[in-house]
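Summary of the model geometry
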Amino acid sequence: MRRAPAFDVTQCVRAFCARLPAFALALLAAVAWPHAALAQATGPVRLVVPVPAGGSLDATARLVAAFLAERLNEPVQIDNRPGAATNIGTEYVVRAAPDGRTLLFGAVSLAINPSLYKLGFDPLRDLEPVAHVSSEQFLLVARGDLAAAVPADLARFAQDKPGGLNCAAPPGPMTLACEQLKLELAGGATVIPYAGVAPALNALLGGHVDVAFLSVEDVLGAVRAGKLRALANAGGPQMKSPFPDLPRLADTWPGFVVSGLTGILAPAGTPPELIRRLNREVNAVLANPAVRERMALGGQIPGGGTPEQFGELLKSRHDYYARLIRRAGIPVQ
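Described in the following lines is the structure provided in the data block. This is a predicted model, so every value here is computed, not measured.

In terms of helices and strands, the chain carries 14 helices and 10 strands. Split into buried and exposed, the 333 residues of the chain put 49% on the buried side. Counting contacts in the chain only where the partners sit at least 6 residues apart, residues at least 24 apart contribute 77% of the total. As displayed, the chain has an accessible area near 15900 Å², and 57% of this comes from carbon and sulfur atoms.

Attention now goes to the packing of helix α8 (residues 173-184) against helix α14 (residues 307-328). Packed helix pairs are characterised by how far apart their axes lie and by the angle those axes make with each other. Two elements in contact, α8 and α14, have axes whose closest approach is 10 Å; the angle formed by their N-to-C orientations is 50°. By the angle class used here, α8 and α14 are oblique. The hand of the α8/α14 crossing is left-handed. Within the contact between the two elements, α8 uses Pro 173, Leu 176, Glu 179, Gln 180, Leu 183 and Glu 184 and α14 uses Tyr 320, Tyr 321, Leu 324, Ile 325, Arg 327 and Ala 328.

This part covers unusual backbone geometry. Of note in the backbone geometry, Asn 73 takes a positive phi value of approximately 60° without being a glycine. With respect to the helices and strands, Asn 73 occurs in the loop between α3 (56-72) and β2 (76-80). Of the residues examined, Asn 73 reaches a relative accessible area of 71% and is grouped as exposed. Look at Ala 84: it is not a glycine, yet its phi comes out positive at around 55°. Examined against the element boundaries, Ala 84 turns out to sit in the loop between β2 and α4 (87-94). On the basis of relative accessible area, Ala 84 is assigned to the partly exposed category, the value being 48%.

Secondary-structure assignment places Arg 101 in the loop between α4 and β3 (102-107). A polar side-chain atom of Arg 101 sits 2.8 Å from a polar atom in the side chain of Glu 74.

This next bit is on the pattern of salt bridges. Going through the model one piece at a time under the given rule, you end up with 12 salt bridges. For the salt bridge of Asp 58 with Arg 62, the shortest nitrogen-to-oxygen distance reads 2.8 Å. Of this pair, Asp 58 and Arg 62 are both found in helix α3, four residues apart, which corresponds to roughly one turn of the helix. Using a relative accessible area of 3% as the deciding quantity, one classes Asp 58 as buried. Residue Arg 62 is classed as partly exposed on the basis of its relative accessible area of 38%. We note a salt bridge from Glu 91 to Arg 95, for which the minimum N-O separation is 3.1 Å.

Thresholds, definitions, all that
- Residues numbered from 1 in each chain as written.
- Predicted model: local features only at pLDDT ≥ 70, side-chain atom pairs only at ≥ 80, totals over all residues.
- Heavy atoms only, no water.
- Helix = DSSP H or I, 4+ residues; strand = E, 2+ residues; numbered from the N terminus.
- Buried < 20%, exposed > 50% of the residue type's maximum accessible area, 1.4 Å probe, protein only.
- Contact = heavy atoms within 4.5 Å.
- Areas by Shrake-Rupley, 256 points an atom, 1.4 Å probe, with all protein chains shown as cover.
- Axes fitted to C-alpha atoms, helices over the stretch in contact; angles between N-to-C directions.
- Parallel < 35°, antiparallel > 145°, perpendicular 65-115°, else oblique.
- Left-handed = near helix turned anticlockwise from the far one by under 90°.
- Polar contact = N/O pair within 3.5 Å; in protein donor to acceptor, adjacent residues only side chain to side chain.
- Salt bridge = Lys/Arg side-chain N within 4 Å of Asp/Glu carboxyl O.

Listed below in structure tokens is the structure:
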């Protein structure tokens, strides 16, 4: 009785591949390569957050990381590296290996800091945009007993009060908004710096300062409770405030817009195939209804789109803030 010849897997695969058209083999390689490239590096994917744990940027990063881990089928670890107005964490990612394993969860400070600080790197040049995650809405708010109902009332108040208005200024776009308010009021405002949103908000609630530009998430409860007074929606026309009757800040002072953003970036030199794969997965996360609902509760608008669109958004914000910083005469630190 003749025995059947042994089944040779290698020979079978070779025979199958020989019958595949060249373009099909290329397609298989293109699909598999980003997954293989991520798998070859060791350790979890690290999402560096350049601020302390507990703030709104950190909360958004953790929300995205949890759902992104499901999409990638591997852990995504939050790595908080605060300090130097987010420059410490940003530079850490700039210097990281461009293998898709170390990513930055950045904010609008990426567009601001090149005009404010002498940096040993350029975040717009040394980082690759991956995906725009969200836009953050800001309100112009006043202490509850301030006799102002709309932004135009602040001009009168600034004239009547010795020294003008005090504007609480946490780092980033909120400080620059206070500087722009000072310009609009012809010097009738004093910028009072605070180390973070929490102390600035406490000062406003305690009546130690007059106004501030703070995110919807940070002030929503206090405004609804009557502890603070919302004077204007500080975002652009695409922003939908939970207080639809509020005037837009730009309607009083044309061009005056305060907007935040979050997004994911990778070190320059990260292979384009990895960037595209990560972009697809982040976009899928942002399309998840649970993620969109959580963001809406925090006053955020989900982003999305291509890496190129995110890069253009960062560039437009950089140009806007560079002009403002020059106009306000803020020195480079």
